[in-house]
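Listed below are the residues making up each chain.
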Amino acid sequence: MPTAIFSSFESGLIYAIMALGVYLTFRILDFPDLTVDGSFVTGAAVTAIMLVNGYSPLISTGAALLAGFAAGSITGLLHTKGKINPLLSGILMMIALYSINLRIMGKSNIPLFSESTIITSVKDFWVKTGLDSFLNRGMEVIGLGNSIPSTWAIIFIMLVISLAIKFALSLFLKTEIGLAIRATGDNQAMVKSFSTNTDNMKVLGLAISNALVAFSGSLIAQYNGFSDIGMGIGMIVIGLASVIIGEAIFGAKTIARATLAVIGGAIVYRLVVALALQVQFLQTGDVKLITAAIVIGALIIPQLKDKQKEKSMKKKRLKELQIQQTLVKGAKEVATAKSDI
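Conventions and cut-offs
Residues numbered from 1 in each chain as written. Predicted model: local features only at pLDDT ≥ 70, side-chain atom pairs only at ≥ 80, totals over all residues. Heavy atoms only, no water. Helix = DSSP H or I, 4+ residues; strand = E, 2+ residues; numbered from the N terminus. Contact = heavy atoms within 4.5 Å. 1 Å grid on protein atoms, 1.4 Å probe; cavity = no way out; pocket = protein on both sides within 12 Å on 5 of 7 lines; lining within 4 Å. Points joined across faces, edges and corners; volume = space filled by probe spheres on them. Nonpolar A, V, L, I, M, F, W, Y, C, P; charged D, E, K, R; others polar. Salt bridge = Lys/Arg side-chain N within 4 Å of Asp/Glu carboxyl O. Buried < 20%, exposed > 50% of the residue type's maximum accessible area, 1.4 Å probe, protein only. Axes fitted to C-alpha atoms, helices over the stretch in contact; angles between N-to-C directions. Parallel < 35°, antiparallel > 145°, perpendicular 65-115°, else oblique. Left-handed = near helix turned anticlockwise from the far one by under 90°. Core = buried A, V, L, I, M, F, W, Y, C linked by side-chain atoms within 4.5 Å. Phe/Tyr/Trp six-rings, centres within 6.5 Å; stacked < 30°, edge-to-face > 60°. Lys NZ or Arg CZ within 6 Å of the ring centre and 35° of its normal. Patch = residues over 30% accessible without salt bridge, like charges linked within 9 Å, V, L, I, M, F, W, Y side chains within 5 Å. Areas by Shrake-Rupley, 256 points an atom, 1.4 Å probe, with all protein chains shown as cover.

**Side note on the environment of V213**
Examined against the element boundaries, V213 turns out to sit in helix α10 (residues 198-224). Remark: the alpha-carbon pair of V213 and V41, spanning 172 residues in sequence, is separated by 9.0 Å. Sequence-distant contacts of V213, that is, excluding residues within four places in its chain, are made with M18, V36, S39 and F40.

Here it is, written out as structure tokens:
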């Protein structure tokens, strides 16, 4: 059980990068981009084939990021220049990327267990620091010796990377271009009236989003030790679940808070899935069902809470109105009694 929890934290931090990309399109641009299911695999495929062919992990991961940027740009161009419906343009690109990813890999699965990756490099460096023994002693002192992970390297490094991307994205959305992208998602007609090219803003937003998604796919492939053509199925749902759960739990009043909430939502999502799989009658193949249930719950529960709050407010207002009517009625009776005297 402790191992599953730590693994959930590790994978949750990596998937959080993908969720930040989904947040950019769905919440900022208001664009239902289904390219995610394809670009996630594109990042993994590009990294895997380059690692197998002897390229360094950093170059391979950077190439994956650029491939995702290109995929998002094409989706944006299909919508803006081709005048294709946003949902359909994402679906078309997702379908096209399936064949492209197969072409890149040459087969449906590429194992990376014998290759040097960013994950293995981080673990090798971390061992030299001796931080594992220091942190493990601390866990034993506080009585959590049974919860010690094999290494703390992935959690710490991925936490640094995900937070760095979160802060970079928050700062970018406060720049002139970032504000233009936000305004395009909020009110496209108004932005056009200020002579801003909304088409360029959409293309840029989709490109950055899918670059983050592909980067996440690249890290997941290196973390799991393989790239598979089917690993992107349902990624858009996982991203949405992370965004919705994060906003429901941590709030989203500001960009800085919302991006942090997305990271928290991704971790919570992975933890919920890990805990759900501990139930005896659930199996590993039920992950997609669990995901759907989590998203449904995350969508319905806030609505039920809002309705409950609305009912409470109505009851409160009704009581106040009844009190006011009673006071007015009493005042009238007093005035009538005085006039009779």
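**Topic: the layout of surface pockets**
Each pocket or cavity is described by its volume, and for the largest pocket that value is around 420 Å³. As for the largest pocket, its lining consists of 19 residues, and the residues nearest its centre are Y15, R270, V273, L277 and V287. Contributing elements (two or more residues each) for the lining of the largest pocket: α1 (2-28), α10, α11 (235-250), α12 (255-276) and α13 (287-340). Element by element, the count of residues in the lining of the largest pocket is highest for α1, at five residues. The residue makeup of the lining of the largest pocket, split by class, is eleven nonpolar, six polar and two charged.

**Notes on the pattern of salt bridges**
One pass over the structure, following the stated rule, counts three salt bridges. Residues K81 and D199 are paired through a salt bridge, measuring 3.9 Å at the closest nitrogen-oxygen approach. Remark: D199 occurs in helix α10 and K81 occurs in the loop between α3 (57-80) and α4 (86-105); sequence separation between them is 118 residues. Overall, K81 belongs to the exposed group, its relative accessible area being 54%. For D199, a relative accessible area of 18% gives the class buried. In this structure, K314 engages E310 in a salt bridge whose closest nitrogen and oxygen atoms are separated by 3.8 Å. Of this pair, K314 and E310 are both found in helix α13, four residues apart, which corresponds to roughly one turn of the helix.

**Looking at the packing of helix α2 (residues 36-52) against α3**
In a pair of packed helices, the angle between the axes and the distance between the axes together describe the arrangement. Orientation of α2 relative to α3, taken along the N-to-C sense of each, is 150°, at an axis distance of 8 Å. With respect to each other, α2 and α3 are oriented roughly antiparallel. As for the relative orientation of α2 and α3, their crossing is right-handed in sense. Residues S39, T42, G43, V46, T47, M50 and L51 of α2 lie in contact with α3, whose contacting residues are P57, I59, S60, T61, A63, A64, A67 and A71. Broken down by class, the residue content of the contact of α2 with α3 amounts to nine nonpolar, six polar and no charged.

**Details of the nonpolar core**
M18 and F40 are the most contacted members of the largest nonpolar core, which has 71 residues in total. The greatest single-element share of this core, amounting to 13 residues, is contributed by α1. Residues contacting F40, with those up to four places away along its chain left out, are Y15, M18, V213, S216, G217, I220, M231, G232 and M235.

**Brief notes about the packing of aromatic side chains**
All chains considered together, the criterion is met by four aromatic pairs. Between the aromatic rings of F6 and W152, the centroid separation amounts to 5.3 Å while the plane-to-plane angle is 80°, which identifies the pairing as edge-to-face. Placement of the pair is F6 in helix α1 and W152 in the loop between α6 (131-141) and α7 (153-172), with a sequence separation of 146 residues. Across the pair, W152 and F6 agree in class, each one buried. Chaining the aromatic ring pairs together yields one cluster made of F6, W126, W152 and F156. Geometry around F167 places K166 over its ring, the cationic atom sitting 5.0 Å from the centre.

**Focus on the packing of helix α5 (residues 118-129) against α7**
Viewed as axis vectors pointing N to C, α5 and α7 meet at an angle of 115°, and their least axial separation amounts to 9 Å. Between α5 and α7, the angle falls in the class roughly perpendicular. Of the two elements, α5 crosses α7, and the hand of that crossing is right-handed. Judged by residue contacts, I119, V122, K123 and W126 of α5 engage A153, I154, F156, I157 and M158 from α7. Looking at the contact of α5 with α7 residue by residue, the class counts come to eight nonpolar, no polar and one charged.

**Overview of the environment of M105**
Locating M105 in the fold gives a position in helix α4. Classification of M105 as buried rests on a relative accessible area of 5%. Considering only alpha carbons, one finds M105 and K311, 206 residues apart in sequence, at a separation of 56 Å. Every residue in contact with M105, bar those within four places of it in the chain, is listed here: A45, I49, I110, S227, D228 and I229.

**A few points about a nonpolar patch on the surface**
Residues I296, L299, I300 and L304 make up a contiguous nonpolar surface patch of about 360 Å² in total accessible area. As for its position among the elements, L304 is in helix α13.

**Digging into unusual backbone geometry**
Even without being a glycine, D30 presents a positive backbone phi close to 55°. Within the element layout of this structure, D30 appears in the loop between α1 and α2. Positive phi values are uncommon outside glycine, yet K83 reaches one of about 55°. Structurally, K83 is set in the loop between α3 and α4. Accessibility expressed as a relative area gives 66% for K83, which makes it exposed.

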